[in-house]
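The lines below spell out each chain.
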Amino acid sequence: MKVVHLISGGDTGGAKTHILSLLSNIATRVDIHMVCFMEGPFAQEAREMGIPTTVMAGRNLPAVLKQLEDFIRDGGFQIIHCHGARANMMGMLLRRRCGLPTVTTVHSDPRLDYMGRPVSRLTYGTINAIALRRLDYRIGVSDAMVDTLIDRGFDVDKLFSIYNGLDFTPRTPALSREEYLKSLGLSWPSDAVIVGITARLNPVKDYPTLLRGFAKARTQCPALRLLIAGDGGEQEKLEALAGELGLGDAVCFAGWVTDTDSFYHALDINTLTSLSETFSYSITEGARAGLPAVCSRVGGLPYLIDHGINGFLFTPGDVDALAEHLARLGGDKELRRSMGRQLYEKAKANYSIESTIDKQEEIYRTILRRQGKAEKRYGALVCGAYGKGNAGDDAILEAIVKELRDIDPDLPLWVLSRRPKETRLKYRVNAFYTFRVDKFWRRLGRTRLYINGGGSLMQDVTSRRSLWFYLLTISMAHRRRNKVLMYGCGIGPIQYPSNRRRCARVLEKNVDAITLRDVNSKEELADMGVTKPEIILSADPTVILPAADEGTVDGLLRERGLDRDGAYICFTLRPWPGFEEKADAFAAGARYAYEKYGLTPVFLPIEARLDNAAAKKVTAKLGDVPHVIAPQCTCSSHVIGMFARMKAVVSMRLHALVFAAGQGVPLVGVVYDQKVSSFLDYIGQDLYMDLKDVTAEGLRAAIDKAAARMDDREFLLSGVERLRAVEGRNSETAARLLEGNTP
């Protein structure tokens, strides 16, 4: 493929580094040529690096535009890649003239590019804002930058993220730790725990917070030392503050450092306290050296640092949190080692130069592939109980999105959500508010497939109005000539005769196919007389989701005060009519598991707002039995990973049982809704009881049976493996409908 890169040619700093690094490395795979609009050091350095470079200077815009158009046509280029405001303007003007796809890399927040320059902001800033909207695709230089663009209403399907990767080839520092410290005139003890930072001495880096947090951490961990690499106008003030804090020779201002390999090799902990940051390469460089990091929660850093797993994050300016994290790492060598290893592995996989080049090439191939898919009706719209804080429903959406992307990675996806902004950011799909019927109707005119997405949406126990709403959306989708698929769903209970008649009528008339997650749902449809749609027995789509890796789960346990080698029994409960009367029985079961089997009760929520309230009613009756009410995980793989570490699970929540079953954990179901017993029957598990029948004696007997199964992995996994084998029927049906093949 042939790609022409447009750039003004006066760029410096991070943008310059990114572009030259990208082009010099990707040139072995892609035929690239760079066009600058001015001669200067940028173009000269590019030539020295072997990057084909042409300068088209001049103030006569039409003449330069014509020259560039001829150059692109004659060169047979397939993609126009822009960098910066002037290039974006030229790309916008060339887009239709050349008939080529245009993409721009957004290196910084466009709204901040001309701060302090009101005339430039009014002129160049306005032109750039218009051009950004008119180009076909945008690449953010970090996930945080993509989040910013999503937040400003850019089409999620036209956004990509990329990082300026580092070379992770093993490096040997020029100096040992002792030699490097000696070169700085330092005689710190060999058991010192050295905290380091590389950043300019500028107010935005918030060094006062670093110094205050470090001073406070030293009161708990006197072995801590602080090594600062950077220069700037704030040095005198910072040295004075260090003196006021009594840090003495525990802190060293090393000035500008050129031998960064030796610097990072001398550290034990890497840190950054910035108030604002797009993405800090100093943290990636520290990761390359195997250092854990303590960083402020800004910009792209939360995408690299998983709090409590490969480092710690804190709110900018929070001295106490910074001190706590530094002291904790400073006093635990094994924690530093494990976190450093985790960060190295993640950074190498996602932020290396190889991954950057792979990603850029993939972006180009995606853009070219999509050129042939500009159909009027193309895409899918997914509706379900999303954006309500329920980990089970969120996992359903994650699984559906994954399977649709596997069918067609270019498929535009739209989701109805109670929290559309959160859904857009988390799943990188377009989303709008669930009850925006006007948007829903318009979007259905552009999509090919409507998915009524998973879960028990066809029921009237929790709400009759929700049933009516979902039936309305199905009818609207059919009227707008979408294929309609109910995806890996459960049916019922539908109690009211009028609702059963209404549901049967709507499904018969409007639905093309229904994939079901259990046998009881199939029987329920038959009882209602629903026969016209193709009805396929499949499985809950969440059975395909994996658990997080072992190191990540170790970190999750550690953050919740749990030992990675501990023995735990999980309770996932929810408020439901009759639950409060059973709180004593659940407490008795938890106490029994602890006293007989040494299993510490852990209360893991699926929907924290409700489940933790139920957990507190039980734990209030546990007395001196150790227990933990865990915060809800925000990522499905983390939730599943936590359930995987339980020795047994007692749950009212269906998806707690699904997640645990997939990891071979013994289950005890408490049935408040037929979907719980239906699932357990479907996988051949017999340990369940109705909520109204729960007693202390019954729970103790069920826990005994679950304990007896702890080593029978073959039995525990066999049922869910059967589910995974048939779950593919969900996506197979979706693929057929997207292709236009009616069941």
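Just above sits the structure.
The model shown is predicted, which means the values in this text are computed figures rather than measured ones. (Residues numbered from 1 in each chain as written. Predicted model: local features only at pLDDT ≥ 70, side-chain atom pairs only at ≥ 80, totals over all residues. Heavy atoms only, no water.)

Participant: Would you explain the environment of isoleucine 197 in this entry?
Facilitator: Position of isoleucine 197 among the secondary structure elements: in strand β8 (residues 193-198). Taking the relative accessible area as the measure of exposure, isoleucine 197 reaches 0% and is therefore buried. Taking the C-alpha atoms as reference points, isoleucine 197 and phenylalanine 160, 37 residues apart in sequence, are found 30 Å from one another. Excluding its chain neighbours within four sequence positions, the residues that come into contact with isoleucine 197 are Tyr207, Leu210, Leu227, Ile228, Ala229, Phe263, Asn270, Thr271, Leu272 and Thr273. (Helix = DSSP H or I, 4+ residues; strand = E, 2+ residues; numbered from the N terminus. Buried < 20%, exposed > 50% of the residue type's maximum accessible area, 1.4 Å probe, protein only. Contact = heavy atoms within 4.5 Å.)

Participant: When you look at the sheet that holds strand β21 (residues 568-572) in this model, what are you seeing that I'm missing?
Facilitator: In any sheet, the strands associate via hydrogen bonds between backbone groups, in a parallel or an antiparallel arrangement. Here we have six strands laid out as an open sheet, ordered β23-β22-β21-β24-β25-β26, and parallel in their pairing. Of all the strands in the sheet, the pair left with one neighbour each is β23 (628-629) and β26 (688-690). Across three bridges, strand β24 (residues 648-651) lies against strand β25 (residues 667-671) in parallel orientation. Bridge pairing in β25 places serine 651 opposite glycine 669. Contacts from helix α23 (residues 583-597) reach β21, β22 (600-603) and β25 within the one sheet, and its direction differs from that of β21 by about 170°. Strand contacts of helix α28 (residues 696-708): β21, β24, β25 and β26, with the helix running at about 160° to β26, the strand carrying the most contacts. (Pairing = 2+ DSSP bridges. Axes fitted to C-alpha atoms, helices over the stretch in contact; angles between N-to-C directions.)

Participant: It is not clear to me how the sheet that holds strand β7 (residues 159-161) should be interpreted in this structure. Could you clarify?
Facilitator: Strand order in the open sheet made by the seven strands is β3-β2-β1-β4-β5-β6-β7, with parallel pairing throughout. Unpaired on one side and paired on the other, β3 (53-55) and β7 mark the two borders of the sheet. Strand after strand, the sheet turns through a mean of 25° between neighbouring axes, direction not considered. Note: strand β2 (residues 31-36) against β3, three bridges, orientation parallel. Each residue of the ladder has a partner; that of valine 35, found in β3, is threonine 54.

Participant: What should I look at first to understand the side chain of arginine 370 in this one?
Facilitator: Here arginine 370 is to be found in helix α15 (residues 353-370). Residue contacts for arginine 370: discarding those within four places in its chain leaves Tyr137, Asp157, Phe160, Pro409 and Asp410.

Participant: Would you explain the nonpolar core in this entry?
Facilitator: For soluble globular proteins, the rule of thumb is that nonpolar side chains tend to be buried together. If you look at the biggest cluster of nonpolar residues, it comprises 76 residues, and the most contacted ones within it are Leu573, Phe586, Phe643 and Phe679. The next biggest cluster of nonpolar side chains, apart from the first, holds 51 residues, and it includes Ile197, Leu224, Leu247 and Leu272. (Core = buried A, V, L, I, M, F, W, Y, C linked by side-chain atoms within 4.5 Å.)

Participant: Where do I start with the pattern of salt bridges in this structure?
Facilitator: The tally for this structure, following the rule as stated, stands at 45 salt bridges. For aspartate 693, the salt bridge goes to lysine 692, with nearest N and O atoms at 3.5 Å. Judged by relative accessible area, aspartate 693 falls into the partly exposed class, the value being 42%. Overlapping salt bridges, with partners in common, bring together Glu550, Asp554, Arg564, Asp565 and Arg645 in one network. (Salt bridge = Lys/Arg side-chain N within 4 Å of Asp/Glu carboxyl O.)

Participant: I would appreciate a short explanation of the packing of aromatic side chains in the present structure.
Facilitator: Here a ring pair, both rings aromatic, is described through the centre-centre distance and the interplanar angle of the planes. Per the counting criterion, the structure on display carries 16 aromatic pairs. Arranged with centres 5.9 Å apart and planes meeting at 40°, the rings of tyrosine 137 and phenylalanine 160 form a pair that is tilted. Note that tyrosine 137 is positioned in strand β6 (residues 137-140) and phenylalanine 160 in strand β7, a separation of 23 residues in sequence. Taken individually, tyrosine 137 and phenylalanine 160 each receive the classification buried, so the pair is uniform in this respect. Members of the aromatic cluster, joined through ring pairs, are Tyr433, Phe435, Phe469 and Tyr470. If you follow arginine 480 out to its NZ or CZ, it ends over the ring of tryptophan 441, 4.6 Å from the centre. (Phe/Tyr/Trp six-rings, centres within 6.5 Å; stacked < 30°, edge-to-face > 60°. Lys NZ or Arg CZ within 6 Å of the ring centre and 35° of its normal.)

Participant: Would you mind showing me how to read the environment of asparagine 390 here?
Facilitator: Among the secondary structure elements, asparagine 390 is positioned in the loop between β14 (380-383) and α16 (391-407). Expressed as a C-alpha distance, the spacing of asparagine 390 and aspartate 320, which sit 70 residues apart in the sequence, is 32 Å. The contacts of asparagine 390, once residues within four sequence positions are left out, are Ile606, Glu607, Gln632 and Arg653. Engagement of the side chain of asparagine 390 in a polar contact is seen with the backbone nitrogen of glycine 392, the distance being 2.8 Å. (Polar contact = N/O pair within 3.5 Å; in protein donor to acceptor, adjacent residues only side chain to side chain.)

Participant: I'm lost on the side chain of arginine 500 in this one. Help?
Facilitator: Looking at the element boundaries, arginine 500 is found in helix α20 (residues 497-510). The class for arginine 500 is buried, based on a relative accessible area of 19%. A polar side-chain atom of arginine 500 sits 2.7 Å from a polar atom in the side chain of glutamate 524. Setting aside residues up to four positions removed in sequence, arginine 500 forms contacts with Ile494, Glu524, Asp527 and Met528.

Participant: Looking at this model, I keep getting lost on unusual backbone geometry. Mind explaining?
Facilitator: Residues apart from glycine generally show negative phi values, whereas peptide bonds are mostly found in trans. Going from glycine 492 to proline 493, the amide bond is cis rather than trans, its omega being 0°. Mapped onto the elements, proline 493 comes out in the loop between β18 (483-491) and α20. Positive phi is not limited to glycine here, since arginine 428 has a value of about 55°. As for its placement among the helices and strands, arginine 428 is situated in the loop between α17 (420-427) and β16 (430-433). With a relative accessible area of 22%, arginine 428 lands in the partly exposed category.

Participant: Could you clarify how one ought to interpret helix α3 (residues 61-75) in this entry?
Facilitator: Because an α-helix packs 3.6 residues into every turn, residues spaced three or four apart end up facing the same way. If you check α3, its first and last C-alpha atoms are 21 Å apart, about what 15 residues at 1.5 Å a residue would give, namely 21 Å. For α3, the secondary structure elements touched by its buried residues are β1 (2-7), β2, β4 (79-83) and α4 (85-98). Glycine 76 occupies a position one or two residues after α3 and carries a positive phi of about 70°. (Expected span 1.5 Å × (residues − 1).)

Participant: For this particular structure, what's the right way to read the packing of helix α22 (residues 550-559) against helix α25 (residues 636-644)?
Facilitator: In a pair of packed helices, the angle between the axes and the distance between the axes together describe the arrangement. It is at 9 Å that the axes of α22 and α25 come closest, and there the two elements cross at 80°. Judged by the angle between their axes, α22 and α25 are roughly perpendicular. For the pair α22 and α25, contact is made by Thr552, Val553, Leu556 and Leu557 and by His638, Gly641 and Met642, respectively. Residues of the contact of α22 with α25, tallied by class, amount to four nonpolar, three polar and no charged. (Parallel < 35°, antiparallel > 145°, perpendicular 65-115°, else oblique. Nonpolar A, V, L, I, M, F, W, Y, C, P; charged D, E, K, R; others polar.)

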